[in-house]
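Structure assessment
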Amino acid sequence: MYTTNKAVLSWIDEMAAMTKPDKIVWIDGSEEQLEELRQEAYKTGELIKLNEKELPGCVYHRSAINDVARVEGRTFICCEKKEDAGPTNNWMDPAEMYLKLRGIYDGAMKGRTMYVIPYSMSIIGSPFAKYGIELTDSIYVVVSMAIMTRMGKQVFDALGDSPDFIKGLHSKAQLDEENRYIVQFPQDNTIWSVNSGYGGNVLLGKKCFALRIASVLGRREGWMAEHMLILGVQDPEGNVTYITGAFPSACGKTNLAMIIPPQVYRDKGWKCWTVGDDIAWIRPGPDGRLWACNPENGFFGVAPGTNMKSNPNAMLCTKKNSIFTNVVLKPDLTVWWEGMDKNPPEGALNWKGEPWDPADGSKGAHPNSRFTSPAVNCPCLSSEYNNPNGVPISAMLFGGRRAKTAPLVYQSRDWNHGVFMGATVASETTAAATGAVGVVRRDPMSMRPFIGYHVADYWQHWIDMGKSVANLPKIFHVNWFRTDDEGHFLWPGFGDNMRVVEWIIKRCRGEVDAVETPIGFMPKPEDISLEGIEDEVSEDTLKNLLSVDVEVWKKEAADIEAFFEQVGEGKLPKELAENLEILKKNLGE
Ligand code: OXD
Ligand code: MN
């Protein structure tokens, strides 16, 4: 026991009385204790120690075969009134949900240990810091939280006697899919997760706390919790400009967070620095700007497709003290995944633990297999990563995967128009992923699964933040995924996205003009540098990437209108309705 905090102790007593663990172990955050737990997990097979020479300090973990991803259909926001959860969340009456879950948790930890994990999201004692305690019966969760958060008994010192902490309860229980629940009770600062062992459902500091609960706290307290990367871009003069970016999955968020500028940029002295790859907490600073911090302390990245070309910095992050989940386990106790290189290993085990023959056409790693790596491993980690005040934000980017509609980049006319751009973010499904190609799904601010309250109230909060901050960041929409009529990508993406980022930074500094179009400000083609890729991207291609097809956009406006009607429920902020009208008028409607 590392605290005399009555609220903490009585809550733990209550949870232990319900789940009935054989014993309770308090996690102090020390390497000795973590090593003891790893040794215990090696014996039961919960973790496998990897090759100490090739992957020092690394372990392997498999989740159950039926338990490999976030379960949005079983994720609930249990606030008092259904209408406050809104149309994008599942809801159940809190009393009813507590009753149901108490039945499932009853005795769930019998024969097991309950670990008490004190952790902080963002730097302990900083203006951003929020504290949580996760109770869990999983050693995998303990060792993962040690990477992903600032974890350990010092959190109790910071918390003191305060009852102001997020109460997280997790039990693997029987890993029963039918009784799997990921439930947020925002009015109680409580998260209950049961019958899962998959990271996104059970590392409660991440999506459950740092996004769903934090979005509610941010609304109440005047700040924002967003599904955003944070990147520092250093120009040849040494000035660093910070940008955030929100993108739905499979749209290159981690890659942009760890971008390496193209050689021609590096030669001139451009450098990029990672502050965060998934979550940004954003507050108004005393200087009238928005400041952002990454509340996490590690990366929980998708492994397949990550390689030394697509994201060398992410690959280097995984070389030590990391956890690999559901990837291929090689006979020499190293790991592999699709897209790592072109040499699938012989004699390896697939993510299910079965002998795997790469020639049989099956995937060795699960498509959602993950690496969990400490932020300190990142070769391009920003020097400001541990700055308790965060970093000042000059630009916010929204983006999705749009084969046709959205141009490479455009800038909002003002904050409210930028909120409209974020609120209407959409991504098209690809032929590879589903039968239907080009089906547009709206994913507001890439937060659809993570907004802890009504989506229209969330938009209103964005509008209100705009009113309370004097020196707002500029807002941009980017689309790296535009294709030609044969479906080939027109833009090389990855490091070359730096060319767009440079224009964005110059816009923030007032160093470059733009063209006003019906959808916002766009670059003049000559202002996007093609130096070094002239053979790959012709001037005509760039013009195509920067074109706006009015007929396509009229359909887009109609689709946005339908979306607003569907989710607005009479609460759509008038600023968003106005921006839709402006769009329609600009398109000649
Ligand atoms: C996600 C993640 O699912 O970051 O968005 O893991
Ligand atoms: Mn994410």
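As the structure is a computational prediction, the values presented were derived from the model and not from experiment. (Residues numbered from 1 in each chain as written. Chains lettered and ligands numbered in written order. Predicted model: local features only at pLDDT ≥ 70, side-chain atom pairs only at ≥ 80, totals over all residues. Heavy atoms only, no water.)

1. Points about the site of ligand 1
- All residues in the neighbourhood of ligand 1 are listed as Arg70, Lys206, Lys207, His227, Asp278, Phe300, Arg370 and Phe450.
- Residue Asp278 places a side-chain N or O atom 3.2 Å away from an oxygen atom belonging to ligand 1.
- Starting from 210 Å² of accessible surface for ligand 1 in isolation, the protein chains cover 87%.
- Class assignment of the residues belonging to the shell around ligand 1 gives a composition of two nonpolar, one polar and five charged. (Near = heavy atom within 4 Å. Polar contact = N/O pair within 3.5 Å; in protein donor to acceptor, adjacent residues only side chain to side chain. Areas by Shrake-Rupley, 256 points an atom, 1.4 Å probe, with all protein chains shown as cover. Nonpolar A, V, L, I, M, F, W, Y, C, P; charged D, E, K, R; others polar.)

2. Let's talk about the layout of surface pockets
- Of the volumes computed, that of the second largest pocket is approximately 450 Å³.
- Taken together, 21 residues make up the lining of the second largest pocket; nearest its centre are Glu31, Leu34, Ala146, Ile147 and Pro374.
- The set of elements that each furnish at least two residues to the lining of the second largest pocket consists of α2 (31-44), α5 (139-148) and β7 (150-151). (1 Å grid on protein atoms, 1.4 Å probe; cavity = no way out; pocket = protein on both sides within 12 Å on 5 of 7 lines; lining within 4 Å. Points joined across faces, edges and corners; volume = space filled by probe spheres on them. Helix = DSSP H or I, 4+ residues; strand = E, 2+ residues; numbered from the N terminus.)

3. Brief notes about the pattern of salt bridges
- Under the criterion given, the structure shown has 30 salt bridges.
- Arg219 is the salt-bridge partner of Asp457, the closest N and O atoms lying 3.7 Å from each other. On the criterion of sequence distance, the pair formed by Asp457 in helix α13 (residues 455-468) and Arg219 in helix α8 (residues 205-221) is long-range, its members being 238 residues apart.
- For Asp457, a relative accessible area of 14% translates into the label buried. (Salt bridge = Lys/Arg side-chain N within 4 Å of Asp/Glu carboxyl O. Buried < 20%, exposed > 50% of the residue type's maximum accessible area, 1.4 Å probe, protein only.)

4. A few points about the coordination of the manganese ion (ligand 2)
- Looking at the metal site, the manganese ion (ligand 2) is ligated by Lys207 (NZ), His227 (NE2) and Asp278 (OD), spaced 2.2 Å from it.
- Of note, the donors binding the manganese ion (ligand 2) are all from one chain and are spaced K-x19-H-x50-D. Taken as a pair, His227 in the loop between β11 (224-226) and β12 (229-234) and Asp278 in the loop between β14 (271-276) and β15 (280-284) lie far apart in primary sequence, 51 residues in all. Here the two residues His227 and Asp278 agree in accessibility, since each one is buried. (Donors = N, O, S within 2.8 Å, 3.2 Å for Na, K, Ca; no water.)

5. Section: the environment of Ile582
- By secondary structure assignment, the location of Ile582 is in helix α17 (residues 574-586).
- Sequence-wise, Ile582 and Arg509 are 73 residues apart; in three dimensions their C-alpha atoms are separated by 26 Å.

6. Description of the nonpolar core
- Residues Trp281, Trp459, Trp462 and Trp491 are the most contacted members of the largest nonpolar core, which totals 127 residues.
- Ignoring anything within four residues of it in the chain, the contact list for Trp459 reads Val419, Ala423, Pro444, Met445, Phe563, Phe564, Val567, Leu572, Pro573 and Leu576.
- Listed in part, the 34 residues of the second largest apolar core include Met15, Leu135, Ala173 and Val183. (Core = buried A, V, L, I, M, F, W, Y, C linked by side-chain atoms within 4.5 Å. Contact = heavy atoms within 4.5 Å.)

7. A short note on the sheet that holds strand β2 (residues 48-49)
- Within the open sheet, the five strands sit side by side as β2-β3-β18-β23-β17. Their pairing is mixed. Of all the strands in the sheet, just β2 and β17 (298-302) have a single pairing partner and so form its edges.
- Both strand β18 (residues 323-325) and strand β23 (residues 370-374) contribute to a ladder of three bridges, which runs antiparallel. If you follow Phe324 over to β23, its bridge partner there is Phe371. (Pairing = 2+ DSSP bridges.)

8. A closer look at unusual backbone geometry
- Phi at Ser122 is positive, roughly 75°, even though this residue is not glycine.
- Topologically, Ser122 is positioned in the loop between β5 (113-121) and β6 (130-136).
- Here Ser122 falls in the buried class, since its relative accessible area comes to 1%.

9. Structural notes on the side chain of Thr405
- Within the secondary structure, Thr405 is located in the loop between β24 (391-399) and β25 (409-411).
- Among the polar contacts made by the side chain of Thr405, one reaches the side chain of Arg402 at a distance of 3.2 Å.

10. Some remarks on empty space enclosed by the protein
- Evaluated as defined, the whole model comprises four cavities of 30 Å³ or more.
- When its volume is computed, the largest cavity comes out at roughly 120 Å³.
- Considering the residues around the largest cavity, the lining is formed by 15 residues, among which Tyr410, Met421, Thr424, Trp553 and Glu556 are closest to the centre.
- Its boundaries defined by the atoms lining it, the second largest cavity holds a volume of some 70 Å³.
- Taken together, 14 residues line the second largest cavity, and the ones lying closest to its centre are Ile123, Cys293, Asn294, Tyr385 and Asn387.
- Residue composition of the lining of the second largest cavity, grouped by class: seven nonpolar, five polar and two charged.

11. Examining the packing of α13 against helix α16 (residues 550-568)
- Between α13 and α16, the least distance of the axes is 9 Å, while the angle of their chain directions is 110°. When the interaxial angle is binned, α13 and α16 end up roughly perpendicular. Contacts between α13 and α16 involve Val455, Ala456 and Trp459 from the first element and Phe563, Phe564, Val567 and Gly568 from the second.
- Here the contact of α13 with α16 is composed, by residue class, of six nonpolar, one polar and no charged. (Axes fitted to C-alpha atoms, helices over the stretch in contact; angles between N-to-C directions. Parallel < 35°, antiparallel > 145°, perpendicular 65-115°, else oblique.)

12. Some details on the packing of aromatic side chains
- What the rule picks out here adds up to 25 aromatic pairs.
- On the basis of an interplanar angle of 50° and a centroid distance of 6.0 Å, the ring pair of Tyr198 and Phe300 is categorised as tilted. Remark: Phe300 occurs in strand β17 and Tyr198 occurs in the loop between β10 (190-194) and α7 (199-202); sequence separation between them is 102 residues.
- Judged by relative accessible area, which is 6%, Phe300 ranks as buried.
- Geometrically, the ring pair formed by Tyr453 and Tyr458 is edge-to-face, given 6.3 Å between the ring centres and 70° between the ring planes. Tyr458 shares its class with Tyr453; the two are buried.
- Over the face of the ring belonging to Phe128 we find Arg283, whose NZ or CZ atom lies 5.7 Å from the ring centre.
- Arg401 extends its terminal NZ or CZ atom over the ring of Phe481, reaching a point 4.1 Å from the ring centre. (Phe/Tyr/Trp six-rings, centres within 6.5 Å; stacked < 30°, edge-to-face > 60°. Lys NZ or Arg CZ within 6 Å of the ring centre and 35° of its normal.)

13. Quick word on the pairing of β23
- Among the five residues that make up β23, five are buried, leaving the element largely enclosed by the rest of the structure.
- Of the two faces of β23, the one carrying Arg370, Thr372 and Pro374 and the one carrying Phe371 and Ser373 are both buried.
- As paired strands, β17 and β23 are joined by five bridges and run antiparallel to one another. Bridged to Gly298 within β23 is Pro374.

14. Some words on α17
- For α17, built from 13 residues, the straight-helix expectation of 18 Å at 1.5 Å per residue is met to within 8% by its first-to-last C-alpha distance of 18 Å.
- By the burial criterion, the buried members of α17 are Glu575, Leu576, Asn579, Leu580, Leu583 and Lys584.
- Check the buried side of α17 and you find it contacts α12 (415-423), α13 and α16.
- Phi turns positive, to about 85°, at Gly588, one or two residues after α17. (Expected span 1.5 Å × (residues − 1).)

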